[in-house]
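Chains, contacts and geometry: an overview
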Amino acid sequence: MKRKILMLMVLLTGFSSYLFAQQTITGNVVDKEDNSPLIGVSVYEKGTTNGTVTDFDGNYTLSVSGSESILVYSFVGYQTIEKLAGALTTIDIVMGADTESLEEVVVVGYGTQKKSHLTGAISKVVNENMEQVAVARVDDALVGKISGVNIQATDGGAGTAPTIRIRGTGSISGSSSPLIVVDGIVVDSDYLGNLDMNDVASFEVLKDAASAAIYGSRGANGVIMITSKQGKAGKTKFNYNSYFGFKEAHKSDAYDFSIAETAAAEKAALGAISDKTRYKQMIGVDRSWQDVIFDGGTIQNHSLSARGGNENTKFSTALNYSHDEGVLLTDDYKKYSLKLKLDTKISDKFSMGVNLSPSYSNRRRFDGSTHDILRQTVWLPVYHDENTIQYVDRNTYPDVQVGDYAFQRHFDNYILDGNEVDISNTSNANPAAKVLERDYTYKKFKMYGSVYAKYKIIKGLNFKTTIGGSFQNTDVRRWQGPLAHRNGADNTQLYESNQNSIHLVNDNFFNYSKRMGDHDISAILGVSVETWETEFSKMSGTDYDFDYIQNMSAAGTISSAESGKYEERLLSFTSRVNYAYKDKYLASASFRRDGSSRFGADTKYGNFTAFSLGWRLTEEDFLEDNGVIDNLKLRFSYGVTGNNAIDASTVYEETYPYLALLETSTAIVNGAAATGFNALNISNPDLGWEKSVEFNPGVDFMLFNGLLSGSFDYYKRTSDNLILENPVSSTTGFNAALINRGEVENSGIEIELRSRVNITEDFTWTGTLLASKNKNKLNDFAESNGQIQSVDSKRAAEWINQEGLPISSFYGWVVDKDIPLEYINNPYHPVGGEAQDVYVKDLNGDGIIDDEDKAVLGNPYPELIWSFSNDFKYKNFDFSFMFQGSHGAEVRNMGDQYIFNQFNSSQDFDPATTPNQQFIKQKIFTDDIVQDASYIALRNINIGYSFGKELLGKTFIEKARVYVSAQNLFYLTADDYTGFNPESVDSTSPTTYGYQRAGSPIYRTISVGFNLDF
């Protein structure tokens, strides 16, 4: 009996010792980025099955065996954390995202793929503080972020879309803009003006044909895929982002004239100043017109979002308002947008979701041209004041009063010291009046949306159907009042147009994914149907007697009226198979067949195939544990893509180019007017798809435990069967007809290098260097080879389209030297003026200047584009900047002729005294105005500070960040460039690209902003 009692006491003692050794630990687990609670985090005692998960508030309670226990915290998509229990009873954990894990998945056409399994050239940009870049459009913020992508600010107006080219220009008559896909739905490029950067999660750019061929007819120019943010399970997270900034234009020193400098030069050369110069000084105005029309402005953005949900239903909604006043006089852009995204899981097999994005924008454009305004002289005031009114020629202008716009001719016929002095060089209206007395507005309402349903048929096999599309209403109004033109009421005009566009798309796809031992297989099979329908009406009225009734009913004459409707259809069949063996031998193949209503019955369909291969060498035994190379993948891709985006003179030609179209015409028959029809074009029922064939070898690598990573790509893309206007016999009644003929080649290299260094525990640096080099070449231009074109018949500078050269090349004579001022009439009037002529080189040495002495003078395509980004983080501080540059491109800056008044006959050379006149030609036909468009810019610089929970205390705000940001703070152009913006290019055809008439300016922005999470 005693023995049994003794044994029981021993057991009880041991059990009590065990109970005493145990300790209970409680705590909370939150997300590092937004301090939100993480639900379902696995918390367990290492080496045991003892564990638990966090609740809805991120809390947990776990009893462990003792102080030596190690707690493990793990959650999908986050870095695993281990903590020693010690003597602690409370352990709170902050979990950061597993960056490598997040980057493993990349969005591709109609699905996703592991980054390690990619065999095509796809670049990904994750939105990390891109919303702090003070721009009105998301595409402006992508400058310098992706190799092989050239984004040019070709129009500096507020809210205006930049020009985007991926791996060069590949079409002669068609569009070279990339396809835009948002959350899997194809949208038009205008959608980027609707998107709020605060709602963007990431960008993926499909650059090679193998990646883009899945989009067939629209993939020829690359694809930009945008994934918007979505809700997470847990408490609803609210976020408010805002910034406010000031914008100012980069002005041109070459176009900045002054009377003072001109008078000094005149006195130095002649010993005295002329009566004309004296008179200009008396008027008392000496300022650049750049200071008037580049008036600068503010930019602001406000975005409020709410995201959350539970395990079955997640939502994301955002409201945005932005206002950009631009840097040009009257320029103004306002945008209002709403975004709602909802995803719900009905059952284990069935889920669905909806995505809605309405927006409204109101833009008043700068209705003028910089070259026309800046060519007027610096002494001209905007309005007459008490001083300037005394110089007005009252015989000709008796009614001019103080406060009226000043015209140059107002100041003619002035008597100075007994001599009559004329100083005007144009009868044009005041340049400020040309802008202020016009009202050019675009109002757009856009609704983008989609709804999907997804059903899990069996394990690994899903079916998804999506219906999406957009509705857009565009209202354009352009008013020119009586004070906007020198002819007054005779040139008043009102133009109004209204257009409704509907785009619908239905995607139906089977998606299969299966892992079987060493074999990883995924495949898609589907069909898509797209329709476009557009209705428009437009009307113009003239002869308004006044400007206080600005509607069509007040017009003296309805000068034109037009309406129309057109439709388009696209039917697509798509398939793709991806295969990986042991995660090291990779292959992908795709096929797409597109049928377009733009082509005839026999050419309606185009077939687009692609395949790519990859080999992950670091998975091989010979590179195992090498200590240097963490990842090394070789890849090769080949693909065929297409293009049916024809750029024709009317919407009808663009939509139905293969048909013989008719237009109404009026003729006199038997002495009376009769209405009939004329042919608009020559039909071509065999007109078909443009096609691009591209091959792309590349390598991806990571070295020294992630210290250095990057990729190298070489590509060669040949675009053939190009749709172009080919000369035909004039007996047909036309000069040209659309045919499939022609070939353009783009080839180049792309380099991406990235490095991340943990300098100390609290100090990290991340650097990214991107560089791309592209060469454009016209291989076949049919009977148009050697074609010479011009943009402006009045100032017919020439372009040549010649096989072996880029699509568009500048053509003309080569400058030898300027004509000395001693041979120039009135060299100091007007202020800033220049002679229009120059001596050119006799290249063939025959003693005469003719077409045989013309040469190729350059081209508008950059040879090298690069960027260098740096991000520094020290504790709660962050600092980043990016330099970006472009080299080798040129522009034909016709602005020189306007602004330097080269067409002014009073400043021509003196034919009686000037020698060697047989070697003189106008500057506009020479390389004098072909200028280097290279630049280096400090695109972005940002410094910020984040307030953590420890600083915010018990406020409702979980995280706050304040920052100061600047764009284009530093912008260096080539020495010979005279304009405001070397990126600015007028909208012309691809064969006359590179034409600039001074252009709109690049602007710098300085802003302050803050982000709040609560």
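Here the structure is a predicted model, which means the values were calculated and not measured. (Residues numbered from 1 in each chain as written. Predicted model: local features only at pLDDT ≥ 70, side-chain atom pairs only at ≥ 80, totals over all residues. Heavy atoms only, no water.)

**A short note on the overall build of the protein**
Regarding its fold elements, the protein presents eleven helices and 54 strands. Scaling as 2.2 N^0.38, a compact globule of 1014 residues should have a C-alpha radius of gyration of about 31 Å, and the protein matches this with 34 Å. On the principal axes, the C-alpha backbone points of the protein span a range of 145 × 65 × 65 Å. In the protein, which comprises 1014 residues, the proportion classed as buried is 50%. (Helix = DSSP H or I, 4+ residues; strand = E, 2+ residues; numbered from the N terminus. Rg over C-alpha atoms; globule rule 2.2 N^0.38 Å. Buried < 20%, exposed > 50% of the residue type's maximum accessible area, 1.4 Å probe, protein only.)

**Digging into the sheet that holds strand β42 (residues 809-812)**
In space, the four strands of this open sheet follow the order β40-β41-β42-β45, with antiparallel pairing throughout. Because the sheet does not close on itself, it has two edges, and the strands there are β40 (787-790) and β45 (855-858). Averaged over all pairs of adjacent strands, the angle between strand axes in this sheet comes to 45 degrees, irrespective of strand direction. The pairing of strand β41 (residues 798-801) with β42 spans three bridges and is classified as antiparallel. Within β42, the position partnered with Trp-799 by the bridge is Phe-810. (Pairing = 2+ DSSP bridges. Axes fitted to C-alpha atoms, helices over the stretch in contact; angles between N-to-C directions.)

**A short note on a positive patch on the surface**
On the surface, a cluster of positive charge is made up of Lys-345, Lys-349, Lys-456, Lys-459 and Lys-514. As for its placement among the helices and strands, Lys-345 is situated in strand β20 (residues 332-345). (Patch = residues over 30% accessible without salt bridge, like charges linked within 9 Å, V, L, I, M, F, W, Y side chains within 5 Å. Areas by Shrake-Rupley, 256 points an atom, 1.4 Å probe, with all protein chains shown as cover. Salt bridge = Lys/Arg side-chain N within 4 Å of Asp/Glu carboxyl O. Lys, Arg positive; Asp, Glu negative; His and termini not counted. Charge placed at Lys NZ, Arg CZ, Asp CG, Glu CD.)

**Brief notes about helix α4 (residues 259-270)**
With twelve residues, α4 should reach 16 Å at 1.5 Å per residue; the first-to-last C-alpha distance of 16 Å fits that figure. Along α4, the residues that are buried comprise Ile-259, Thr-262, Ala-263 and Glu-266. Seen end-on, α4 carries its buried residues on one side only, within an arc spanning 100 degrees. In α4, the exposed positions angled more than 90 degrees off the buried face are occupied by Glu-261 and Ala-268. Taken from the residues just after α4, Gly-271 is the one with a positive phi, measuring 90 degrees. (Expected span 1.5 Å × (residues − 1). Arc of directions from axis to C-beta.)

**Some thoughts on empty space enclosed by the protein**
The tally for this structure, following the rule as stated, stands at eleven cavities of 30 Å³ or more. In this structure, the largest cavity encloses a volume near 330 Å³. Considering the residues around the largest cavity, the lining is formed by 28 residues, among which Val-135, Asp-140, Ala-153, Asn-968 and Tyr-1003 are closest to the centre. Here the lining of the largest cavity is built from residues that sort into 14 nonpolar, eight polar and six charged. Of the pockets and cavities examined, the second largest cavity occupies roughly 160 Å³. Contributing to the lining of the second largest cavity are 19 residues, with Gln-113, Ala-210, Ser-211, Arg-576 and Ser-588 lying nearest its centre. Secondary-structure elements contributing two or more residues to the lining of the second largest cavity are α3 (209-212), β28 (557-581), β29 (585-596) and β30 (605-616). For the lining of the second largest cavity, the per-class residue count stands at nine nonpolar, nine polar and one charged. (1 Å grid on protein atoms, 1.4 Å probe; cavity = no way out; pocket = protein on both sides within 12 Å on 5 of 7 lines; lining within 4 Å. Points joined across faces, edges and corners; volume = space filled by probe spheres on them. Nonpolar A, V, L, I, M, F, W, Y, C, P; charged D, E, K, R; others polar.)

**Observations concerning the sheet that holds strand β44 (residues 837-840)**
Spatially, β43-β44-β49 is the arrangement adopted by the three strands of the open sheet, whose pairing is antiparallel. Every other strand in the sheet has two partners, leaving β43 (815-817) and β49 (920-922) as the edge strands with one partner each. In this sheet, adjacent strand axes meet at a mean angle of 65 degrees when their direction is disregarded. As paired strands, β43 and β44 are joined by two bridges and run antiparallel to one another. Residue pairing across strands places Lys-817 opposite Tyr-839, the latter belonging to β44.

**Some thoughts on the nonpolar core**
Of all hydrophobic cores here, the largest spans 78 residues; its most connected members are Phe-203, Ile-224, Ile-226, Tyr-279, Ile-283 and Phe-411. Non-local contacts of Tyr-279, meaning those with residues more than four positions away in its chain, are made with Tyr-391, Phe-411, Tyr-414, Leu-416, Val-421 and Ile-423. (Core = buried A, V, L, I, M, F, W, Y, C linked by side-chain atoms within 4.5 Å. Contact = heavy atoms within 4.5 Å.)

**Some details on the environment of Ser-553**
If you trace the backbone, Ser-553 turns up in the loop between β27 (519-542) and β28. Placed twelve residues apart in sequence, Ser-553 and Gly-541 show a C-alpha to C-alpha distance of 8.5 Å. There is a polar contact of 2.7 Å between the side chain of Ser-553 and the side chain of Asn-551. (Polar contact = N/O pair within 3.5 Å; in protein donor to acceptor, adjacent residues only side chain to side chain.)

**Examining a nonpolar patch on the surface**
On the surface, a cluster of nonpolar side chains totalling about 870 Å² of accessible area is made up of Phe-244, Phe-246, Phe-879, Ile-943, Val-964, Leu-969, Phe-970, Leu-972, Ile-1006 and Val-1008. Of all the secondary structure elements, the ones that give two or more residues to the nonpolar patch are β17 (234-249), β52 (959-973) and β54 (1003-1013). Ranked by residue count, the leading element in the nonpolar patch is β52, at four residues. By the element assignment, Leu-969 lies in strand β52. With a relative accessible area of 37%, Leu-969 lands in the partly exposed category.

**A short note on the environment of Val-187**
Here Val-187 lies in strand β14 (residues 185-187). For Val-187, a relative accessible area of 11% corresponds to the buried category. Measuring from C-alpha to C-alpha, the distance between Val-187 and Ser-470 comes to 7.8 Å, with 283 residues separating the pair along the chain. Not counting residues up to four positions away in its chain, the partners in contact with Val-187 are Ile-180, Val-182 and Tyr-448.

**Regarding the pairing of strand β5 (residues 70-74)**
Pairing analysis gives four bridges linking strand β2 (residues 42-45) to β5, with the strands arranged antiparallel. Along β5, the bridge assignment pairs Val-43 with Tyr-73. Pairing analysis gives four bridges linking β5 to strand β6 (residues 81-84), with the strands arranged antiparallel. In the sheet register, Val-72 faces β6, and the bridge partner there is Glu-82.

**Quick look at a negative patch on the surface**
Among the surface-exposed residues, Asp-253, Asp-256, Glu-261 and Asp-286 lie close enough to one another that they form a single negatively charged patch. As for its placement among the helices and strands, Asp-256 is situated in the loop between β17 and α4. The exposure class of Asp-256 is partly exposed, given its relative accessible area of 38%.

**Here we look at the packing of aromatic side chains**
Taken as a whole and judged by the stated rule, the model has 41 aromatic pairs. An angle of 70 degrees between the planes, with centres 5.3 Å apart, marks the rings of Tyr-391 and Tyr-414 as edge-to-face. Residue Tyr-391 is found in the loop between α7 (370-374) and β22 (414-416), and its partner Tyr-414 is found in strand β22; the two are separated by 23 residues along the sequence. Their ring planes at 20 degrees and their centres at 6.2 Å tell us that Phe-872 and Phe-879 sit as a pair that is stacked. Site record: aromatic cluster; members linked through ring pairs are Phe-763, Phe-872, Tyr-874, Phe-879, Phe-881 and Phe-883. Of note, Lys-691 hangs over the ring of Phe-608, and the distance from its end group to the ring centre comes to 5.9 Å. The lysine or arginine in question, Arg-892, covers the ring of Trp-799, its NZ or CZ lying 5.3 Å from the ring centre. (Phe/Tyr/Trp six-rings, centres within 6.5 Å; stacked < 30°, edge-to-face > 60°. Lys NZ or Arg CZ within 6 Å of the ring centre and 35° of its normal.)

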